[in-house]
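A look at the structure
Below, each chain spelled out in residue letters.
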Amino acid sequence: MRSCRIHPSILSADFANLEAELHRIATADAVHVDVMDNHFVPNLTLGLPVVRRIGEVSPLPLDVHLMISEVDRWAPGYADAGASSVTFHAEASAAPVKLARELRARGSKASLALRPATPVEPYLDMLPELDMLLLMTVEPGFGGQAFLDLVLPKIRRARAAIEGTGLPIALQVDGGITRDTILRAAEAGADVFVAGSSVYGTGDPAAAVETLRNVAQATPGATEHVVE
Ligand code: DX5
Ligand code: ZN
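Note that the structure is a prediction, hence the values are computed from the model and not measured.

Per the UniProt record, "binding site: substrate" (unreviewed entry) is annotated on Ser-9, His-65, Gly-141, Phe-142, Gly-143, Gly-144, Asp-174, Gly-175, Gly-176, Gly-196 and Ser-197. Of note, Gly-175 is situated in the loop between strand S7 (170–174) and helix H6 (181–188). What Gly-176 contacts, discounting residues up to four positions off in sequence, is Val-138, Gln-145, Ala-146, Phe-147 and Thr-181.

Structure, rendered in structure tokens:
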């Protein structure tokens, strides 16, 4: 049976009380940390010193999602800062294979992200270089946006390609994940789910994590990676 993992995004948490907010999601599988530079995306969040400190107090491993330009230059620093996984955008990287190898060499998992309109096919040959592929289900930059169903066929194609490698590469979706949309994403083949507003926007984040995980695990077909 496929294990479905839930990574709450602290983008929707209280930035003035991050340590307490991390403990409210301690039953999740990792914490998703969105780094934005106001250049690759039109929003600004936090950077390396804050991520390093979050790592020191977090009960969960850090899944760092870099939405920054010149990512080949900056991403290795996040691996050095103790991130369990570092995700960089294909659209922002000049040498994605080199960068993935550098992240792994520094002890982090390597993950590649694609915006909704970026095709996955040009990157399939580099799947063995990756521990995770992130298919954005909203345009990156903000929490609380609606899930883009147009990404579902790409999730199916990516799942089939991952199965073809025979490697344990995770397939993550990020953006607009709720107890409704997680069904469609899981059915299409995703197995790691980022959720911001649908976790921290509720009164009980731990219960929201549990609900999302249960819905994803129970999705028909989700355990067999079915590709139509
Ligand atoms: C958006 C970020 C997401 C965001 C998701 O660019 O990458 O991680 O926090 O927020 P929701 O779940 O509210 O769409
Ligand atoms: Zn994210």
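After that view of the structure, there is still more to cover.
With that settled, the discussion passes to the pattern of salt bridges. The tally for this structure, following the rule as stated, stands at 14 salt bridges. Residue Glu-102 pairs with Arg-106 through a salt bridge whose shortest N-O separation is 3.0 Å. Between Glu-139 and Arg-115 there is a salt bridge, and its shortest N-O distance comes to 3.2 Å. Highlighted residues: Glu-139 in the loop between strand S6 (132–136) and helix H5 (152–165) and Arg-115 in the loop between strand S5 (109–114) and S6, separated in sequence by 24 residues. Looking at Glu-139, the relative accessible area reads 36%, which means it is partly exposed. Given a relative accessible area of 21%, Arg-115 falls into the partly exposed group. Bridged by salt links that share partners, the residues Asp-29, Glu-210 and Arg-213 form one connected network.

So, on to the site of ligand 1. Around ligand 1 lies a shell of 20 residues, among which Gly-141, Gly-144, Asp-174, Gly-196 and Ser-197 are the nearest. Note that an oxygen atom of ligand 1 is positioned 2.7 Å from one of the side-chain N or O atoms of Asp-174. Burial of ligand 1 by the protein amounts to 100% of the accessible area it has alone, namely 380 Å². Of all the secondary structure elements, the ones that give two or more residues to the shell around ligand 1 are strand S2 (31–36), strand S3 (62–67) and strand S8 (192–195). Broken down by element, the residue count for the shell around ligand 1 peaks at 3 residues, all from S2. Its residues assigned to classes, the shell around ligand 1 comprises 8 nonpolar, 10 polar and 2 charged.

All right, on to the UniProt feature "binding site: a divalent metal cation" (unreviewed entry) in the chain then. The UniProt record marks His-32, Asp-34, His-65 and Asp-174 with the feature "binding site: a divalent metal cation" (unreviewed entry), using the residue numbering of this structure. The largest pairwise C-alpha distance within this set of annotated residues, which runs over 143 residues, is 10.6 Å, so the set is compact in three dimensions. Considering the arrangement of structural elements, one finds Asp-34 in strand S2. Ignoring anything within four residues of it in the chain, the contact list for Asp-34 reads Ser-9, Leu-11, Thr-45, Leu-46, His-65, Met-67 and Asp-174.

What follows is about the sheet that holds strand S1 (residues 5–8). In space, the 8 strands of this open sheet follow the order S1-S8-S7-S6-S5-S4-S3-S2, with parallel pairing throughout. Sheet topology places S1 and S2 at the edges, where each strand pairs with a single neighbour. Averaged over all neighbouring strand pairs, the angle between strand axes comes to 25°, with direction disregarded. For S2 and S3, the ladder comprises 6 bridges, and the chain directions are parallel. When the bridges of S3 are listed, Met-36 appears paired with Met-67.

Under ideal tetrahedral coordination, the four donors around a metal are separated by 109.5 degrees; under ideal octahedral coordination, the six donors are separated by 90 or 180 degrees. Every protein donor of the zinc ion (ligand 2) is accounted for by His-32 (NE2), Asp-34 (OD), His-65 (ND1) and Asp-174 (OD), and the metal-donor separations fall at 2.1 to 2.3 Å. Seen from the zinc ion (ligand 2), its 6 donor atoms lie at angles of 71 to 173°, and the figure they make is octahedral.

The topology assignment puts Glu-187 in helix H6. For Glu-187, a relative accessible area of 41% corresponds to the partly exposed category. Along the sequence, Glu-187 and Thr-219 sit 32 residues apart, while their C-alpha atoms lie 6.2 Å from each other.

This paragraph deals with the side chain of Gln-172. Assignment of secondary structure puts Gln-172 in strand S7. Given a relative accessible area of 0%, Gln-172 falls into the buried group. A polar contact is formed between the side chain of Gln-172 and the side chain of His-7, at a distance of 3.5 Å. With residues up to four places along the chain from it excluded, the contact list for Gln-172 reads His-7, His-32, Asp-63, Met-132, Leu-133, Leu-134, Leu-135, Val-192 and Val-194.

Rules and cut-offs
Residues numbered from 1 in each chain as written. Chains lettered and ligands numbered in written order. Predicted model: local features only at pLDDT ≥ 70, side-chain atom pairs only at ≥ 80, totals over all residues. Heavy atoms only, no water. UniProt positions renumbered as here; feature names shortened; annotations may be inferred. Helix = DSSP H or I, 4+ residues; strand = E, 2+ residues; numbered from the N terminus. Contact = heavy atoms within 4.5 Å. Salt bridge = Lys/Arg side-chain N within 4 Å of Asp/Glu carboxyl O. Buried < 20%, exposed > 50% of the residue type's maximum accessible area, 1.4 Å probe, protein only. Near = heavy atom within 4 Å. Polar contact = N/O pair within 3.5 Å; in protein donor to acceptor, adjacent residues only side chain to side chain. Areas by Shrake-Rupley, 256 points an atom, 1.4 Å probe, with all protein chains shown as cover. Nonpolar A, V, L, I, M, F, W, Y, C, P; charged D, E, K, R; others polar. Pairing = 2+ DSSP bridges. Axes fitted to C-alpha atoms, helices over the stretch in contact; angles between N-to-C directions. Donors = N, O, S within 2.8 Å, 3.2 Å for Na, K, Ca; no water. Tetrahedral: all angles 85-135°; square planar, octahedral: opposite > 155°, others 65-115°.

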